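One-letter residues, chain by chain:
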Amino acid sequence: MDDVEKYEIVVLGSGEAGKWTAWTMADAGHRTAMVERKWLGGSCPNIACLPSKNIIYSARIASLARRGAEFGLEMDRLRINMAGVQDRKRKMVEEEHQFHAKRTADAGIELIMGEGRFVAPKTIEVALNDGGTRRVAGERVFLDLGSHSTMPDIPGLAAANPMTHIEALDLDRLPRHLIVIGGGYIGLELAQAVRRFGSEVTVIERGAQLAEREDPDVGAALFDLFHDEGIDVLLGAQVSQVEGHSGKQVRVHAEGGSGERIVEGTDLLVSVGRTPNTKGIGLEHAGIELDEHGYIEVNDRLETTASDVWAMGDCAGSPQLTHVAYHDFRVVRDNLKGGNRTTKDRIVPFCMFTDPELARVGLTETEAKRDKIEYRVAKLPMANVLRTHTIAEPRGFMKMLIGKESGEIVGFTAFGIEASELMAAVQTAMVGRLPYTVLRDAIFAHPTMAEGLVFLLGQIENVAG
Ligand SMILES: Cc1cc2nc3c(=O)[nH]c(=O)nc-3n(C[C@H](O)[C@H](O)[C@H](O)COP(=O)(O)OP(=O)(O)OC[C@H]3O[C@@H](n4cnc5c(N)ncnc54)[C@H](O)[C@@H]3O)c2cc1C
């Protein structure tokens, strides 16, 4: 292979972990190439986290505007302009793109836009977006391939040409009636936003509750929220057939305990999970093995089965969150500098940006019981936190699990306004392995959400003994 261009570092996929690896290596003077087929900077700034939170925020403004009179603001009529909503989002995405392009160029990285596949160990052939091919080989190769929406094999579904989050986040029009298959966080965030813009929305979830990884009280609270916002939710409903065409007319057959129900709508969004982007890219030519779910097999230092090849982020089976992909990068970076960091026992926070938010760090009660971890639990309605009265958002609760022997916090869930920020305060205590009494006895500013922690923990006797 005479035509192979040689680099010290080759990064395949420019997502969160990939771009940080490329930037850091290039900044340190290594000759670096990065291969990306479409989204420079990866999913987060282009088609996932940031655009979704941007659209969700517009939907929140719409919701608050509708409630204007409650706050003493009167307006005659609210009109949603989806083109305007999209303009704001596209401007942000474009600014992100410009930033990534400049950062990559400034670092002196050879950015190769095209689809990469392995043709030999540590050697990638790129089918260039502009036509033609290039071959690059790296002394060290880093994979950050990401994942895509899983499309379940349901009769009629593919023919209905349903939307994934990518199309749904780019709609210039408002669906008359959006049907969402899947009650996980991506489906729920989008369902609520679209409802707030004015569409009819139905969510179909096969599990017994929304957000099925969470405790039943969380699922029930989300169900109530969606009910109150006028979103129809079908639980325990398995989609058996789809008819029609998304964007025009669709009929979704859902089977559940009470027989078959047919839901008719105009648009269909599928959000039932993610599939790693590891198929058909020649990993077998490079000695890179996959696990039984199609994720790249890595050890707890994110080393693959091929020497000098690392995998990070969604494709490596890490929890599918941008901040985890960024942490993966930090583990690899520090180990390359002689460190000994691992992905074991990470405290991974999660937030669903419904309004109000759901935030969790550490264990749910269901997980604690499953793992036979003895705990005590404190639960406080958000309405008991005075901050929620000042902003008229008293919905939800917070709940903390305390290890019975250790007195350390083993899990925290908050469903309520500003829950993500509240969670960060608790996470800090968890990272420091502080006993819960440190938070209980602290002074938090009034009136903030964090102040609620004192009242939450005031309920618990000293479990550390
Ligand atoms: C709608 C939505 C909302 C989300 N919201 C949040 C959120 O609020 N917070 C959060 O933490 N996480 C969120 N996530 C999850 C988060 O986006 C992902 O976990 C994160 O982007 C994964 O980063 P990554 O680096 O692993 O992969 P990606 O960012 O997906 O990067 C992989 C890159 O590799 C490229 N690529 C893949 N294969 C090839 C190939 N063969 N050749 C060339 N290029 C290739 C892809 O084009 C892509 O750019 C959300 C996801 C979705 C879908």
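Residues numbered from 1 in each chain as written. Predicted model: local features only at pLDDT ≥ 70, side-chain atom pairs only at ≥ 80, totals over all residues. Heavy atoms only, no water.

K.L.:
Is there a simple way to explain the state of the cysteines in this structure?
P.N.:
Per the counting criterion, the structure on display carries zero disulfides. Take Cys315: it sits in no disulfide, and the sulfur closest to it among the cysteines is that of Cys49, at 16 Å. Residue Cys315 is classed as buried on the basis of its relative accessible area of 0%. (Disulfide = S-S within 2.5 Å. Buried < 20%, exposed > 50% of the residue type's maximum accessible area, 1.4 Å probe, protein only.)

K.L.:
Mind showing me how you'd approach the sheet that holds strand 12 (residues 259-265) here?
P.N.:
Sheets are built from strands paired through backbone hydrogen bonds, the pairs being either parallel or antiparallel. Across the sheet, three strands lie side by side as 10-11-12; this open sheet has antiparallel pairing. Two strands lie at the open edges of the sheet, namely strand 10 (238-245) and strand 12, each paired on one side alone. Strand-to-strand twist in this sheet, taken as the mean axis angle between neighbours without regard to direction, amounts to 15°. As judged from the seven bridges shared by strand 11 (residues 249-256) and strand 12, these two strands associate in the antiparallel manner. Following the sheet pairing, His253 is matched in strand 12 by Ile262. (Pairing = 2+ DSSP bridges. Helix = DSSP H or I, 4+ residues; strand = E, 2+ residues; numbered from the N terminus. Axes fitted to C-alpha atoms, helices over the stretch in contact; angles between N-to-C directions.)

K.L.:
Any chance you could explain the nonpolar core here in plain terms?
P.N.:
Inside soluble globular proteins, nonpolar side chains tend to come together where they are buried. By size, the foremost hydrophobic cluster in this structure holds 42 residues, and its most contacted members are Phe118, Ile124, Phe142, Leu143, Ile288 and Ile296. If you list the elements that add at least two residues to this core, you get strand 1 (4-12), helix 1 (16-27), strand 2 (32-36), strand 3 (110-120), strand 4 (123-128), strand 5 (133-143), strand 15 (309-311) and helix 8 (322-336). Non-local contacts of Phe118, meaning those with residues more than four positions away in its chain, are made with Leu12, Thr123, Ile124, Val141, Leu143, Ile281, Gly282, Leu283, His285, Ala286 and Ile288. Counting residues in hydrophobic clusters, the runner-up holds 36 residues, among them Val85, Ala193, Val201 and Ala211. (Core = buried A, V, L, I, M, F, W, Y, C linked by side-chain atoms within 4.5 Å. Contact = heavy atoms within 4.5 Å.)

K.L.:
How do you make sense of the packing of aromatic side chains when you look at a structure like this?
P.N.:
To describe a pair of aromatic rings, one takes the distance between the centres and the angle between the planes. In total, this model carries seven aromatic pairs according to the counting rule given. On the numbers, 5.1 Å between centres and 70° between planes, the contact of Trp20 with Trp23 is edge-to-face. Note that Trp20 and Trp23 are positioned in helix 1 at a spacing of three residues, about one turn of the helix. A network of ring pairs unites the aromatic residues Trp20, Trp23, Phe99, Tyr326 and Phe329 as a single cluster. (Phe/Tyr/Trp six-rings, centres within 6.5 Å; stacked < 30°, edge-to-face > 60°.)

K.L.:
Explanation requested: the site of the ligand in the structure shown.
P.N.:
In the region of the ligand, 34 residues are neighbours, and Glu36, Ser43, Lys53, Asp144 and Asp314 sit closest. One of the side-chain nitrogen or oxygen atoms of Lys53 is found 2.8 Å away from an oxygen atom of the ligand. Here an oxygen atom of the ligand sits 2.9 Å away from a polar atom, N or O, in the main chain of Thr322. Look at the ligand: alone it shows 1000 Å² of surface, and the protein chains cover 96% of it. Contributing elements (two or more residues each) for the shell around the ligand: helix 1, helix 2 (43-47), helix 3 (49-66), strand 3, helix 6 (185-197) and helix 8. (Near = heavy atom within 4 Å. Polar contact = N/O pair within 3.5 Å; in protein donor to acceptor, adjacent residues only side chain to side chain. Areas by Shrake-Rupley, 256 points an atom, 1.4 Å probe, with all protein chains shown as cover.)

K.L.:
Where do I start with the sheet that holds strand 7 (residues 177-181) in this structure?
P.N.:
If you trace the four strands from one edge of the open sheet to the other, you get 9-8-7-13, paired in parallel fashion. The open sheet has two edge strands, strand 9 (232-234) and strand 13 (267-270), and neither has a second partner. Strand-to-strand, the axes of this sheet are offset by a mean angle of 15°, without reference to chain direction. Note that strand 7 and strand 13 share four bridges and pair parallel. Directly across from Ile179, in strand 13, lies its bridge partner Leu268.

K.L.:
How should helix 4 (residues 82-106) be read in this particular structure?
P.N.:
Because the α-helix completes a turn every 3.6 residues, residues three or four places apart line up on one side. Compared with the 36 Å implied by 1.5 Å per residue over 25 residues, the 36 Å span of helix 4 between its first and last C-alpha is a close match. If you check which residues of helix 4 are buried, you get Met82, Val85, Gln86, Lys89, Val93, His100 and Thr104. In the segment just after helix 4, Gly108 is the residue with positive phi, at about 80°. (Expected span 1.5 Å × (residues − 1).)

K.L.:
Hey, could you run me through the packing of helix 1 against helix 8 in this one?
P.N.:
The packing of two helices is summarised by the inter-axis angle and the distance between the axes. Direction vectors running N to C along helix 1 and helix 8 enclose 35°, while the axes themselves pass 8 Å from each other. The element helix 1 and its partner helix 8 pack so that their crossing is right-handed. Here helix 1 contributes Glu16, Ala17, Trp20, Thr21, Thr24 and Met25 to the contact with helix 8, which in turn contributes Thr322, Ala325, Tyr326, Phe329, Arg333 and Leu336. Class assignment of the residues belonging to the contact of helix 1 with helix 8 gives a composition of seven nonpolar, three polar and two charged. (Left-handed = near helix turned anticlockwise from the far one by under 90°. Nonpolar A, V, L, I, M, F, W, Y, C, P; charged D, E, K, R; others polar.)

K.L.:
Teacher, can you tell me more about helix 8 here?
P.N.:
The first and last C-alpha atoms of helix 8 sit 21 Å apart over 15 residues, in line with the 21 Å expected at 1.5 Å per residue. Just beyond helix 8, the residue with positive phi is Gly338, at close to 100°.

K.L.:
Is there a simple way to explain unusual backbone geometry in this structure?
P.N.:
Backbone phi values are negative for most residues with the exception of glycine, while trans is the configuration of most peptide bonds. Cis geometry is found at the peptide bond from Asp355 to Pro356, where omega equals 5°. Considering the arrangement of structural elements, one finds Pro356 in the loop between strand 16 (349-352) and strand 17 (357-362). In this chain, His446 is followed by Pro447 through a cis amide linkage whose omega measures -5°. With respect to the helices and strands, Pro447 occurs in the loop between helix 12 (436-440) and helix 13 (452-457). Backbone geometry at Lys372 places phi at a positive 55°, although glycine is not the residue there. Within the element layout of this structure, Lys372 appears in the loop between helix 9 (365-370) and strand 18 (375-381). Take Lys372: its relative accessible area is 72%, and that puts it in the exposed class. Non-glycine residue Ala392 carries a positive phi angle of around 55°. Note on placement: Ala392 falls in the loop between helix 10 (386-390) and strand 19 (397-403).

K.L.:
Looking at this model, I keep getting lost on the pairing of strand 1. Mind explaining?
P.N.:
Two faces belong to every sheet, and in a regular strand the side chains alternate between them. As paired elements, strand 1 and strand 5 share eight bridges and run parallel to each other. Considered in strand 5, the bridge of Leu12 is made with Leu143. Pairing of strand 1 with strand 2 involves four bridges; the strand directions are parallel. When the bridges of strand 2 are listed, Val10 appears paired with Ala33. As a crossover connection, the stretch from strand 1 through helix 1 into strand 2 is right-handed. (Right-handed = clockwise from strand over helix to strand, strands pointing away.)

K.L.:
Explanation requested: the environment of Leu40 in the structure shown.
P.N.:
One can find Leu40 in the loop between strand 2 and helix 2. Overall, Leu40 belongs to the buried group, its relative accessible area being 5%. Between the alpha carbons of Leu40 and Ala220 there is a distance of 39 Å; along the sequence they are 180 residues apart. Filtering out sequence-adjacent residues up to four positions away, Leu40 remains in contact with Ser14, Met34, Asn46, His97, His100, Ala101, Thr104 and Leu111.

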